[in-house]
Amino acid sequence: MIRTGTDYRESIRDGREIHINGERVADVTTHPMFRPLVDIRARIFDMAHAPETAAVMVVKQGTELNVQANALPFSQADWWAKRRATAAVLDAVGGVVTRVGDETVGEMWSLHDCAATLNEIDPQFAPNIAAHIARVVRADPFHVSANTDPKGDRSKTPEAQDPDMLLHVVRETDAGLVVRGAKFETAAAYANQAFTKPTIATWGEGALSPYAVGFICDLGSPGLKFICRTGFATRAPAEDYPLSNRFDEIEALVIFDDVLIPWENVLFYRHVAAALAMRATLHRYSAFAFVQRSLKFADMMIGAALFNLRQTGLDRLQGVQEKLAQLACWREGIDAHLTSAIAMAERSPAGLMMPNQSLIYAGRVFAAGQMAAMMHLARELCGGQIGLTPDAAAFRAPETAPWLEKYYGINDEWQAEDRRRLMAFARDLLNSDYAGHRLTFELFAQSPPFAHLAAVYRNFDWDGPLDCVRQAAGLSDRVMGAATRSCADSPASRWFATERAGP
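Engineer: I would appreciate a short explanation of unusual backbone geometry in the present structure.
Structural biologist: It is generally the case that most residues other than glycine have a negative phi and that most peptide bonds are trans. With phi around 75°, T234 is a residue other than glycine that occupies positive phi space. Mapping T234 onto the fold places it in the loop between β10 (224-228) and α7 (244-247). Notably, R270 is not glycine yet its phi reads approximately 80°, a positive angle. According to the relative accessible area criterion, R270 is partly exposed, its value standing at 35%.

Here's what the structure looks like:
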């Protein structure tokens, strides 16, 4: 089944307990702070049915039609198709959205790759993994990811502090596991299900732990409470903050107040080795979608900066062109990592096609690591007016409109209203509290920067440079023995194995 936007809206009208700004939400589909993203997600579902977009959004697999974003990747062609589908979505909605399903479903594909290992550790849940991966493809739910725990005291083991600080199993029943704790989740309040798993780094010395649990959570389950941060939508006029009012993906602290997880939804349980195996490969597919969002963000920054420069003729200055070239190099570097990750794709242990792991993880570091500097550069190129321009109401008010028409109009191409719109867009992209929130999200959404680098460390082919220097320096073959070939870096290995994903 490929769902429609109406199907999606009805699916999240399930009586779930959502709180925002200290109030209970009656209908998440119509609440002004949630509605913009609910509408975007509904539009994405409808794009799979619309004649003008269905071809890029849907793939035929055997006798079935499935959504391109959810389909497992078996070839390079599958990745090109996924990239085109995501680009079509971002172009259609006119901005950057992250938690719309195609990124988070990649974590399920990683679970598919881990199935054999998890089966060796505890075989009772292997059928559940296969069933849920098939369900995502065929039922087309809005699927998100539950990773980040409230941090608590990181110097202590989970048992040495409030045991409910981290999500854990409190008891087993004939019907399933009962779990308690909390997770931060982006878009959970208006999603259908979440792949929920641990991110803690200190497990203690035992091989078994009630905190080592992974499952699919139906987000309409009894006992769940969603305590959301305040949204950016409606806090200021959409004319003045066009991005904040359309693309804010609201995070929630999701409280698991003794929530029953049916046995058929449990993917692994108790075995610390199983949790570590899953964490070690969690982002091998989802990193691609994450990096692709950065490409769109780069285009938006370049466009905002270049329009601001060309309206006043400053783009002719050599110093300005050098700064624009820096932005272009960042943008093209992101594109190059995406393209080469597909061109050099590699087969996963379970037979799927992975983006080249070293290249896509390096691309994630390149995109996220330079984003703050590139935003500052774009802000410098846009100039101080993005922080000084009056709001839209002043451009309409009879007493102030003539003056703003005079001082904001430049020529026949650039009249006051277009300049106001451009300044408002650039302000919301680069200067607003929403812009700051987006930057923090990019830095931590798939784990903190040190874990991004640790992922590169664990996937880069170190033997190539070693062999190059061995030959160039005339070293003997002895220096390429096991001791040299082994990374032997337990801290980096530990970081990667317990990679902490953000909201």
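Engineer: Teacher, can you tell me more about the sheet that holds strand β2 (residues 23-24) here?
Structural biologist: Note on sheets: strands pair through backbone hydrogen bonds, and any given pair is parallel or antiparallel. If you trace the six strands from one edge of the open sheet to the other, you get β2-β1-β10-β11-β7-β6, paired in mixed fashion. What marks the edges here is a single partner per strand, and that holds for β2 and β6 (168-172). As defined by bridge partners, strand β1 (residues 17-20) adjoins β10 across four bridges and the pair is classed as parallel. Its bridge partner lying in β10, I20 is registered against C228.

Engineer: Any chance you could explain the packing of helix α11 (residues 357-369) against helix α18 (residues 449-459) here in plain terms?
Structural biologist: Two measures define how a pair of helices packs: the angle their axes make with one another and the distance between the axes. Two elements in contact, α11 and α18, have axes separated by 9 Å at closest approach and are oriented at 155°. Comparing their axes, α18 and α11 come out roughly antiparallel. The handedness of the crossing between α11 and α18 is left-handed. Together, Q357, S358, Y361, A362, R364, V365 and A368 of α11 and A451, H452, L453, A455, V456 and N459 of α18 make up the contact between the two elements.

Engineer: How should I be thinking about the pairing of strand β9 (residues 208-218) in this particular structure?
Structural biologist: Note on strand geometry: in a regular strand, side chains alternate between the two faces of the sheet. Buried residues dominate β9, accounting for eight of its 11 residues. Of the strand pairs in this sheet, strand β8 (residues 193-196) and β9 are connected by four bridges, and their pairing is antiparallel. The residue bridging Q193 from the neighbouring strand is D218, located in β9. As paired elements, β9 and strand β12 (residues 266-271) share four bridges and run antiparallel to each other. Residue pairing across strands places G214 opposite F268, the latter belonging to β12.

Engineer: What exactly am I supposed to notice about the side chain of D122 here?
Structural biologist: Tracing the backbone shows D122 in the loop between α5 (105-121) and α6 (126-139). In this structure, D122 is buried with no salt-bridge partner, the nearest side chain bearing the opposite charge being R270 at 6.4 Å. The residues touching D122, leaving out its near neighbours within four places in the chain, are Y269 and H271.

Engineer: For this particular structure, what's the right way to read the pairing of β10?
Structural biologist: On β10, burial follows the alternation: L224, F226 and C228 on one face are buried, whereas K225 and I227 on the facing-out side are not. Where β10 and strand β11 (residues 251-262) come together, five bridges link them in antiparallel fashion. Each residue of the ladder has a partner; that of F226, found in β11, is V254.

Engineer: Would you explain the sheet that holds strand β5 (residues 143-146) in this entry?
Structural biologist: Read from one edge to the other, the open sheet built from four strands follows the order β5-β8-β9-β12, with strand pairing classed as mixed. Two strands in the sheet have a free side with no partner beyond their single neighbour: β5 and β12. Across the sheet, the axes of successive neighbouring strands diverge by a mean angle of 20°, strand direction being ignored. Set on the sheet, α5 makes contact with β5, β8, β9 and β12; between it and β12 the angle comes to about 50°. Across the sheet, helix α8 (residues 272-280) lies against β8, β9 and β12, angled at about 125° from β12, the strand it touches most.

Engineer: Can you help me understand the nonpolar core in this one?
Structural biologist: A general trend in soluble globular proteins is that nonpolar side chains are found buried together. By size, the foremost hydrophobic cluster in this structure holds 124 residues, and its most contacted members are F34, Y190, L219, F226, C228, F256 and M301. With 11 residues, helix α9 (residues 286-310) is the largest single contributor of residues to this core. Filtering out sequence-adjacent residues up to four positions away, F226 remains in contact with R16, E17, I18, H19, A188, A189, L219, A252, L253 and V254.

Engineer: Got a minute to help me understand helix α4 (residues 76-93) in this structure?
Structural biologist: Along an α-helix, a turn takes 3.6 residues, which lines up residues three or four apart on a common side. Its 18 residues place the ends of α4 26 Å apart at the C-alpha level, agreeing with the 26 Å of an ideal helix rising 1.5 Å per residue. Buried within α4 we find D78, W79, A81, K82, R83, A85, T86, V89, L90 and V93. Downstream of α4 by a residue or two, G94 has a phi angle that is positive, lying close to 75°.

Engineer: Would you take a moment to explain α11 for this structure?
Structural biologist: The end-to-end C-alpha distance of α11, which contains 13 residues, comes to 18 Å, matching closely the 18 Å that a straight helix rising 1.5 Å per residue would cover. Of the residues making up α11, those classed as buried are Q357, S358, I360, Y361, G363, R364, A367 and A368. Two to three positions downstream of the cap, the backbone nitrogen of S358 sits 3.3 Å from a side-chain oxygen, assigning the N-cap of α11 to N356.

Engineer: Just to check I follow, could you spell out empty space enclosed by the protein for this structure?
Structural biologist: Empty space among the atoms can be located by rolling a probe the size of a water molecule over them. The tally for this structure, following the rule as stated, stands at five cavities of 30 Å³ or more. The volume enclosed by the largest cavity comes to roughly 310 Å³. Lining the largest cavity are 29 residues, with A69, A85, T86, G101 and D102 positioned closest to its centre. Classifying every residue of the lining of the largest cavity gives 16 nonpolar, six polar and seven charged. Estimated volume of the second largest cavity: approximately 120 Å³. Lining the second largest cavity are 14 residues, and of these V96, F297, L429, Y434 and R438 lie nearest its centre. Sort the elements by how many residues they give to the lining of the second largest cavity and helix α17 (residues 433-444) lands first, with five residues.

Quick notes on the rules
- Residues numbered from 1 in each chain as written.
- Predicted model: local features only at pLDDT ≥ 70, side-chain atom pairs only at ≥ 80, totals over all residues.
- Heavy atoms only, no water.
- Helix = DSSP H or I, 4+ residues; strand = E, 2+ residues; numbered from the N terminus.
- Buried < 20%, exposed > 50% of the residue type's maximum accessible area, 1.4 Å probe, protein only.
- Pairing = 2+ DSSP bridges.
- Axes fitted to C-alpha atoms, helices over the stretch in contact; angles between N-to-C directions.
- Parallel < 35°, antiparallel > 145°, perpendicular 65-115°, else oblique.
- Left-handed = near helix turned anticlockwise from the far one by under 90°.
- Contact = heavy atoms within 4.5 Å.
- Lys, Arg positive; Asp, Glu negative; His and termini not counted.
- Salt bridge = Lys/Arg side-chain N within 4 Å of Asp/Glu carboxyl O.
- Core = buried A, V, L, I, M, F, W, Y, C linked by side-chain atoms within 4.5 Å.
- Expected span 1.5 Å × (residues − 1).
- Polar contact = N/O pair within 3.5 Å; in protein donor to acceptor, adjacent residues only side chain to side chain.
- 1 Å grid on protein atoms, 1.4 Å probe; cavity = no way out; pocket = protein on both sides within 12 Å on 5 of 7 lines; lining within 4 Å.
- Points joined across faces, edges and corners; volume = space filled by probe spheres on them.
- Nonpolar A, V, L, I, M, F, W, Y, C, P; charged D, E, K, R; others polar.

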